[in-house]
Amino acid sequence: MADEEKIPPTFLEKLLFYTTASFVLLATFSLFAFLFLVPFVIEPAFTTIFMQFDPIGALCVTTQVKHLVGASNCTWASCREGCTKDLFECTQIRVSYKLGNSSNVTEEEVENLIRVERALRNDYDYENEVAADKSYPDMGERDDLPEPYPTGLQGNDSEWYFTGARLFPNVKGCGYPPILNCTIFYGKYRPIGTNFTCYYSRVDPGLVITELDMWQNTMNLVYAMAIPIPSFFISVIYLTFAYFKIYNTEDESEQAPLKSDAEAMATGDDEKPTTPGSDTFREDLACFGHQLKMQLANDKPKDGFESNSPPISNSASLSGTKSSFVNA
């Protein structure tokens, strides 16, 4: 028997299929995009807002640079390319800053800082010290130097608002090229005595960053949340509606004849279609069997007479012989 011809899908069926597939892909990509943006955009943006950086720049000067080796020594680094890798070698830059309207720190103030640094170094015992970095002969870089002067918030009698603050390019102190290039960062802020504009945190005054754009930070947060989250929820809502309403309605329409037959079989209603197991079906089957039996009984002798009975003359002679035998 030849296979039944396949009915091609209608335009609405094709539209429904491609719409559902599109929403499935949209939900998948939205979820993965959100999970990717959380550690790289959303969490740093929220941290920047919560740390309450002063939008008015402070006046910073680099006062100390340390180059450390070892995971136990590298508790933090001023700049690192990659926010997830472990630190085994780091460079730590500390700065002092003051609040003011001037764009530069005067040379006299920088010299005072350096003079204090040198005075403390002269009093320090360097018998077991690590060799200083030759690229900075005036101040050098040492792993075991004491703090140049007391760090933290200064009193009213000091010209500095905070000394010994940690310097970072952003609130996390890390990033990825080309947005963040640590080689350029260290080349710009590493030399002792470099003065520049920085931004300090009102929550943690010991945290200072070199770049701050609150508008761009807010826009990055909005884009990172306003696009993937609504897309994911819209996709989930459509898929839920399609599963329980659209596709479920089609299944019910296909199963309607079977349901009506089952109801007719359970109730035995004569007005409903005859189904196997109903009283009407059993009665019709018994009647048909009786009629078939009668028909076969009527047709069988006729067929035997036409096919197997001998000629008339022979049967007559056989009948005479049989009568003679009985009489005798």
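Rules used in this analysis
The residue numbering used here restarts from 1 in each chain and proceeds along that chain's sequence as written. The predicted nature of this model means local features are confined to residues of pLDDT at least 70 and side-chain atom pairs, given and counted, to a pLDDT of 80 or more, with totals for whole chains, interfaces and linings taken over all residues. To get the side-chain values, all heavy atoms of the structure are used, and hydrogens and water are removed first. The helix and strand labels rest on DSSP assignments: H or I over at least four residues marks a helix, E over at least two residues marks a strand, and numbering proceeds from the N terminus. Note on classification: 1.4 Å probe, protein chains only; a residue is buried when its accessible area is under 20% of the maximum for its type, exposed when over 50%, partly exposed between these limits. Here, two residues are considered to be in contact whenever any of their heavy atoms come within 4.5 Å of each other. Throughout, the Shrake-Rupley method with a 1.4 Å probe supplies accessible areas, and for residues the shown protein chains are the sole cover considered. UniProt positions are given in the numbering used here, feature names are shortened, and annotations may be inferred rather than shown by experiment. We define the bend at each residue as the angle formed by axes fitted to the 7 residues ending at it and the 7 residues starting at it. In the cavity and pocket records, a cavity denotes points on a 1 Å grid over the protein atoms alone where a 1.4 Å probe fits but cannot get out, a pocket denotes an open set with protein on both sides within 12 Å along at least 5 of 7 lines, and lining residues are residues with an atom within 4 Å of a point. Grid points are joined across faces, edges and corners, and a volume is the space filled by probe spheres set on the points. For this classification, the nonpolar set comprises Ala, Val, Leu, Ile, Met, Phe, Trp, Tyr, Cys and Pro, the charged set comprises Asp, Glu, Lys and Arg, and every other residue, Gly included, is treated as polar. What fixes the domain bounds is an automatic or database domain assignment. An axis is simply a line fitted to the C-alpha atoms; with a helix, the fit covers only the stretch in contact. Between two such axes, the angle follows the N-to-C directions and lies from 0 to 180 degrees. Crossings are sorted by hand: turned counterclockwise from the far helix by less than a right angle, the near helix makes the crossing left-handed, and turned clockwise it makes it right-handed.

For the chain, an unreviewed UniProt entry supplies the name Protein tipE-like isoform X1 and the organism Bombyx mandarina.

What about the overall build of the chain?
Each helix and strand counted, the chain has seven helices and eight strands in total. Taking all 328 residues of the chain together, the buried fraction comes to 30%. A separation threshold of at least 6 residues defines the contact pool for the chain, and within that pool the share at least 24 residues apart is 72%. Accessible surface computed for the chain: about 22,300 Å², of which carbon and sulfur atoms make up 60%.

Some thoughts on the UniProt feature "transmembrane region" (unreviewed entry) in the chain
Under the present numbering, the feature "transmembrane region" (unreviewed entry) in UniProt falls on residues 15–42 and 221–244. Secondary structure content for residues 15–42 is 100% helix and 0% strand, while the C-alpha to C-alpha distance between its ends is 36 Å. Here residues 221–244 is 96% helix and 0% strand, with 35 Å between the C-alpha atoms at its ends.

Concerning helix α1 (residues 11–50)
Along its length, α1 reaches its greatest deviation from straightness, about 65 degrees, at Val38, and the proline Pro39 lies no more than four positions downstream. For α1, the set of buried residues is Leu16, Thr20, Ala27, Ser30, Ile42, Pro44, Ala45, Thr47 and Thr48. Phi turns positive one or two residues past the end of α1, at Gln52, with a value near 55 degrees.

Details of the layout of surface pockets
Approximately 980 Å³ is the volume attributed to the largest pocket. What lines the largest pocket is a set of 31 residues, among which Pro44, Asn170, Cys174, Gly175 and Ile179 lie closest to the centre. At the level of secondary structure, the elements contributing two or more residues to the lining of the largest pocket comprise α1, β6 (174–175), α3 (182–189) and α4 (214–226). For the lining of the largest pocket, the element with the most residues is α1, which contributes six residues. When grouped by side-chain class, the residues that make up the lining of the largest pocket number 17 nonpolar, nine polar and five charged. When residues of the lining of the largest pocket are assigned to domains, at least three fall in each of domain 1 (12–53 + 214–246) and domain 2 (54–100 + 151–211).

A closer look at the packing of α1 against α4
Remark: α1 packs on α4, axes separated minimally by 9 Å, with the N-to-C direction vectors making an angle of 145 degrees. In this structure, α1 meets α4 at a crossing whose hand is left-handed. Contacts between α1 and α4 involve Phe34, Leu37, Val41, Ile42, Pro44, Ala45, Phe46, Thr48 and Ile49 from the former and Met214, Asn217, Asn220, Leu221, Ala224 and Met225 from the latter. For the contact of α1 with α4, the per-class residue count stands at 12 nonpolar, three polar and no charged.

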